[in-house]
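Residues per chain, in single letters:
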Amino acid sequence: MEFFSIDNIAFTLFGYASKLSELFGLITGTIAVILSAYANLWSWPIGIVNVVLSFFLFYQVQLYPDMFLQVFFFVTNILGWWRWANPKEGEAICIKNSR
């Protein structure tokens, strides 16, 4: 759990010390959005990694409402990933046309 420690500073910019987990959360979130724009299935698992990193970060800085919101995002990412990988008959055409 050393990675999730709030004491691991990635860099300091304008007096703000960015945590290592915060930096990786930003990177995974950005990658997930880019992959979503390209309708790539990998946006879902990378989004789940982003949610987990955000959950631990919010826990450590005691932002408990935001932490519990990540639980909702985790569930919706799992459902979205499953629905994208297993579309219903009418939905498969929309996914193929969006690429």
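Residues numbered from 1 in each chain as written. Predicted model: local features only at pLDDT ≥ 70, side-chain atom pairs only at ≥ 80, totals over all residues. Heavy atoms only, no water.

### Side note on the environment of Val71
Then, in step 1: Position of Val71 relative to the elements: it lies in helix 3 (residues 64-85).
Then, in step 2: For Val71, a relative accessible area of 40% puts it in the partly exposed group.
Then, in step 3: Linking Val71 and Val51, residues 20 residues apart in sequence, is a C-alpha distance of 8.0 Å. (Helix = DSSP H or I, 4+ residues; strand = E, 2+ residues; numbered from the N terminus. Buried < 20%, exposed > 50% of the residue type's maximum accessible area, 1.4 Å probe, protein only.)

### Some remarks on the environment of Leu23
Then, in step 1: With respect to the helices, strands and loops of the structure, Leu23 is situated in helix 1 (residues 20-37).
Then, in step 2: Residue Leu23 is classed as partly exposed on the basis of its relative accessible area of 23%.
Then, in step 3: Considered as a pair, Leu23 and Leu53 are 30 residues apart in the sequence and their alpha carbons are 9.6 Å apart.

### Description of the packing of aromatic side chains
Then, in step 1: Evaluated as defined, the whole model comprises 4 aromatic pairs.
Then, in step 2: Pairing Phe72 with Phe73 gives two aromatic rings, centres 5.8 Å apart and planes at 55 degrees, and the pair type is tilted.
Then, in step 3: Since its relative accessible area comes to 34%, Phe73 is described here as partly exposed. (Phe/Tyr/Trp six-rings, centres within 6.5 Å; stacked < 30°, edge-to-face > 60°.)

### Considering the confidence of the model for the protein chain
Then, in step 1: Chain-level statistics for the protein chain give a pLDDT mean of 84 and a share of 84% at 70 or above.
Then, in step 2: Across the protein chain, the element-wise mean pLDDT spans from 56 in helix 4 (residues 91-97) up to 94 in helix 3. (pLDDT = per-residue confidence, 0-100.)

### Let's talk about unusual backbone geometry
In most cases, non-glycine residues show a negative phi, while peptide bonds are predominantly trans.
Then, in step 1: At Ala39, a residue that is not glycine, the phi angle is positive and equals roughly 55 degrees.
Then, in step 2: Structurally, the position occupied by Ala39 is in the loop between helix 1 and helix 2 (43-60).
Then, in step 3: For Gln62, which is not a glycine, the phi torsion comes out positive at approximately 60 degrees.
Then, in step 4: Structurally, Gln62 is set in the loop between helix 2 and helix 3.

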